[in-house]
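In case you want the letters, here they are:
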Amino acid sequence: MNDMSAHPSFDVTLRDRFIAIVGPAHALTDAADIEPYLTENRGLYHGASPLVLKPGSTEEVSKIMALASETGTAIVPAGGRTGHVGGQVPREGSQDVVLSLTRLNKIRDVDPVGNVIVADAGCILDDIHKAADAVNRLFPLSLGSQGSCQIGGNLSSNAGGTAVLVYGNMRQLCLGLEVVLPTGEIWNGLRRLKKDNSGYDLRDLFIGAEGTLGVITGAVLKLYPKPLGHEVGFVGLKSPEEALALFDKAGAICGTSLTGFELMPRIGVDFTTRHIENVRDPLSTRHDWYVLIDISTSDSAEAASTMMQTVLEQGYEAGLIEDAVVASSVAQQKAIWHMRESMSEAQKPEGGSIKHDVSVPIASIPTFMKEAEAAVLAAMPGARVCAFGHLGDGNIHYNISQPVGADKAEFIGRWREINTVVHDIVRAHGGSISAEHGVGQLKRDELAQTRPAIETELMLRIKRAFDPAGIMNPGKVISG
C-alpha cells in the first residue's frame, strides 16, 4: 500500500477501519492497482477512488456498508466491470470507495430437481453455465462478455443477451436475492419459490437498480432442461422488412422453440470477417442483411431439424430468403454465433463508434431503421451505420462508426448530439433508449428530461426510502 497521496483528503483513520474489515491483502490503495476500477470499458468515463475493497463474505459487505452509513462514505459496487453506461465507475474527483465482489464467487448449491442454482454475486457467468451443464441443465443467459461478467452485475443491469426471446431477461431468470442494504442490514430473500404472492416484490426493486439501492450478494437462478435438439441457420435477405416477415413465419412454426432471431447488416459482417480472427461469412455471396436463426427443442434433434427446414422452405417460397445455410456441427453453430457476438468488438479497429442500446416495438423495426439512418446521415454525412441485434425482442444495438478518415476525437465529441437524433426517433415509435445495458451515467440526465415526471418522482421516493444518506452508487440512474 502507498500513502494515498493522490487522495490526501480521505481520512486515514477511516481508511484503516475499512481495511480492517477485509484485511490488508484484500484492499487496494496504490494508484496503479486502483486504476482499472476507474474507467468504463469504452473510455467514456474516468473516475477517482482512494480505496478498493474486496470482501470475502456477505458479512464483510454488511460491515462495510454499516461503516459507510455511519460515516457518509459513498460506495460503488463493481462486478466484472463490463458495463457500457458508466454504472460501475466512481465519480470524477470523488472519494467514492469501490466495492469489488470478485471474492464472492462461490456456487452455494445446485438443485437439478428444483431446477435452481444458488450462487454468490461475484460468480462469473461462464462458471454458472459450467455448473448447470454438470447436472445436465441449462442457464440460458448468454452474453459476449460471459467469460468475465458477474452474476451480480447481470442482475443489477437486468441483462438480456441473445435468449430473451424465450427465457426473458435476468429479472425472469431469478427467483430470489440476498442483498446488503445501505445501512448494513442483510435481506435474505433467497427463496426458491415460483409462486410467492406475499406482499411487495422486493426482489424486482434491486434487479435493474444498478447498485443504487443495495449490494446484491447472492441469488437463486432458474435452470432449464438442456435441449435435445439444436439448430442454427444463417440467412441472407434484402432488408429488415423481409427479416420481420420471416420472423413471423418462424414464430408460427417453432413457437417457444425459436430461441434466437438476430438481425445483422452487411457492414457488420464485413467488420467481423475483417477484424475478428477465424470469422468468415458462412454464405458464398454477399447480401444486404442477414438473420441468425436459433432453434432449440426438448423433443429431439429430428424435431429441431424439421422446424429449421420448414422455416427455410417457407421463407424461400415466400421470396423472403435469398440464400441460407444450416450449421452441420456444434463447431459451426458456435462459429456463427461468434460472428454475431463479435460485431460490437469488430467496430473498434474502424475508429470511433457512437452506440445506442434501444428497443422499439418489433413491428416498427424496419421503419425505425430507415428513419434513423436517414437522420444520422443527414447530421453526419459519411457515417457508417452498423445496426444489429435481437429482432425477436425489439432490441437493436444501433451503433455508428466514424466516417472513413474522420478524426476520432471530433467524432466522439458529437456523441450526445447523435444520441438525441436517434433517441428522438426511438421515442416517436414508443420505444426505450435503454434496452438491456442499463442507465448508469450515460443516460441518466436524458431519461430525467424525457420520462414522465411522476416516474422520476416515484423513483426518487424509492431511492430515498432505501438510501436516505445517498451513499449507494451516487450519480447513477437517477439524481437526488
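Criteria and thresholds
Residues numbered from 1 in each chain as written. Predicted model: local features only at pLDDT ≥ 70, side-chain atom pairs only at ≥ 80, totals over all residues. Heavy atoms only, no water. UniProt positions renumbered as here; feature names shortened; annotations may be inferred. Core = buried A, V, L, I, M, F, W, Y, C linked by side-chain atoms within 4.5 Å. Buried < 20%, exposed > 50% of the residue type's maximum accessible area, 1.4 Å probe, protein only. Domains from an automatic or database assignment. Contact = heavy atoms within 4.5 Å. Helix = DSSP H or I, 4+ residues; strand = E, 2+ residues; numbered from the N terminus. Expected span 1.5 Å × (residues − 1). Arc of directions from axis to C-beta. Patch = residues over 30% accessible without salt bridge, like charges linked within 9 Å, V, L, I, M, F, W, Y side chains within 5 Å. Areas by Shrake-Rupley, 256 points an atom, 1.4 Å probe, with all protein chains shown as cover. Salt bridge = Lys/Arg side-chain N within 4 Å of Asp/Glu carboxyl O. Pairing = 2+ DSSP bridges. Axes fitted to C-alpha atoms, helices over the stretch in contact; angles between N-to-C directions. 1 Å grid on protein atoms, 1.4 Å probe; cavity = no way out; pocket = protein on both sides within 12 Å on 5 of 7 lines; lining within 4 Å. Points joined across faces, edges and corners; volume = space filled by probe spheres on them. Nonpolar A, V, L, I, M, F, W, Y, C, P; charged D, E, K, R; others polar. Phe/Tyr/Trp six-rings, centres within 6.5 Å; stacked < 30°, edge-to-face > 60°.

The protein is annotated in an unreviewed UniProt entry as FAD-binding oxidoreductase from Allorhizobium terrae. UniProt's Cofactor (unreviewed entry) comment on the protein is quoted here verbatim: "FAD".

> So, the nonpolar core: which residues are in play, and what are the values?
Counting 55 residues, the largest nonpolar core has Phe18, Leu53, Met65, Phe139, Leu155, Leu177 and Leu221 as its most contacted members. There are two domains that each give this core at least three residues, and those are domain 1 (12–102) and domain 2 (107–225). When near neighbours in sequence (up to four residues on either side) are disregarded, Phe139 contacts Leu125, Ile128, His129, Ala132, Ile151, Met170, Leu173, Leu221, Lys222 and Leu223.

> Run through helix H11 (residues 301–317), naming residues and quoting values.
Between its first and last C-alpha, H11 extends 24 Å over 17 residues, near the 24 Å set by a 1.5 Å rise per residue. Within H11, burial applies to Ala304, Met307, Met308, Val311, Leu312 and Gly315. Down the axis of H11, the smallest arc covering the buried residues is 125°, so these residues share one side. Those residues of H11 that are exposed and angled more than 90 degrees off the buried face are Glu302 and Glu317. Among the structural elements, strand S12 (229–237), helix H9 (240–254), strand S14 (289–297) and strand S15 (323–326) are those in contact with the buried residues of H11.

> Could you give an account of a nonpolar patch on the surface, naming the residues involved and the relevant values?
On the surface, Tyr200, Leu202, Leu205 and Ile462 cluster together to form a nonpolar patch covering roughly 390 Å² of accessible area. Mapped onto the fold, Leu205 is located in helix H8 (residues 202–206). According to the relative accessible area criterion, Leu205 is partly exposed, its value standing at 30%.

> Could you give an account of the sheet that holds strand S4 (residues 97–100), with specific residues and numbers?
Strand order across the open sheet formed by four strands is S1-S2-S4-S3, with mixed pairing between neighbours. Of all strands in the sheet, those bounded by a partner on one side alone are strand S1 (27–28) and strand S3 (75–78). As paired strands, S3 and S4 are joined by four bridges and run parallel to one another. The partner of Pro77 across the bridge, within S4, is Leu99. On the sheet, helix H3 (residues 58–71) packs against strand S2 (51–53), S3 and S4 and is oriented at approximately 155° with respect to S3.

> Explain the side chain of Thr58 residue by residue, including any values.
Residue position: Thr58 is located in helix H3. Sequence-distant contacts of Thr58, defined by excluding residues within four places in its chain, comprise Leu104, Arg108, Glu178, Val180, Ile186 and Thr217.

> Which residues make up H9, and what are the values?
Think of an α-helix as turning once every 3.6 residues; residues three or four places apart then point the same way. With 15 residues, H9 ought to run about 21 Å at 1.5 Å a step, and its terminal C-alpha atoms sit 20 Å apart, in line with that. Its buried side turned inward, H9 meets helix H6 (164–167), S12, strand S13 (258–265), S14, H11 and helix H13 (365–379). Backbone geometry just after H9 places Gly255 at a positive phi near 60°.

> Go over the pattern of salt bridges with me, naming the residues and quoting the values.
Side-chain pairs of opposite charge can arise where the charged atoms are in close proximity. Taken as a whole and judged by the stated rule, the model has 24 salt bridges. Between Asp270 and Arg286 there is a salt bridge whose closest N-O contact spans 3.2 Å. Of this pair, Asp270 sits in helix H10 (residues 266–275) while Arg286 is found in the loop between H10 and S14, placing the two residues 16 residues apart along the sequence. Taking the shortest distance from any N to any O, the salt bridge between Glu457 and Arg461 comes out at 3.1 Å. Taken together, the residues span about one helical turn, with Glu457 and Arg461 both in helix H17 (residues 453–466) at a distance of four residues. Taking the relative accessible area as the measure of exposure, Arg461 reaches 47% and is therefore partly exposed.

> Hey, could you go over empty space enclosed by the protein for me, with residue numbers and the actual values?
A full pass over the atoms with the stated rule returns one cavity of 30 Å³ or more. Size it by volume and the largest cavity reaches roughly 30 Å³. In terms of lining, the largest cavity is formed by Ser156, Phe206, Ala209, Gly211, Thr212, Leu213, Gly214 and Ile216. Counted by class, the lining of the largest cavity contains four nonpolar, four polar and no charged residues.

> Give a description of the sheet that holds strand S10 (residues 215–222) that names residues and reports values.
Spatially, five strands are ordered S5-S6-S10-S8-S9 in an open sheet, and the strand pairing comes out antiparallel. What marks the edges here is a single partner per strand, and that holds for strand S5 (107–111) and strand S9 (186–189). Neighbour to neighbour, the strand axes of the sheet diverge by 10° on average, direction disregarded. Pairing of strand S8 (residues 174–180) with S10, which is carried by six bridges, proceeds in the antiparallel orientation. Counted as the bridge partner of Glu178 is Gly218 from S10. Here H3 sits on the sheet in contact with S5, S8, S9 and S10, set at roughly 50° to S8. The sheet strands contacting helix H4 (residues 125–134) are S5, strand S6 (116–120) and S10, and the helix crosses S5 at an angle near 35°.

> Outline the packing of aromatic side chains, listing residues and values.
For any pair of aromatic rings, the description rests on two quantities: the centre-to-centre distance and the angle between the ring planes. Per the counting criterion, the structure on display carries six aromatic pairs. With centroids separated by 4.9 Å and ring planes inclined at 65°, the aromatic side chains of Tyr167 and Tyr224 adopt a geometry described as edge-to-face. You can see Tyr167 sitting in helix H6 and its partner Tyr224 sitting in strand S11 (residues 224–225), a full 57 residues away along the chain. By relative accessible area, which is 22% here, Tyr224 ends up partly exposed. Between Phe206 and Phe466, the ring centres sit 5.4 Å apart and the planes meet at 85°, which makes this aromatic pair edge-to-face. One end of the pair, Phe206, is in helix H8; the other, Phe466, is in helix H17, and 260 residues separate them in sequence. For Phe206, a relative accessible area of 4% gives the class buried. Three or more aromatic residues joined by ring pairs make a cluster, and in this case those are Trp187, Phe206 and Phe466.

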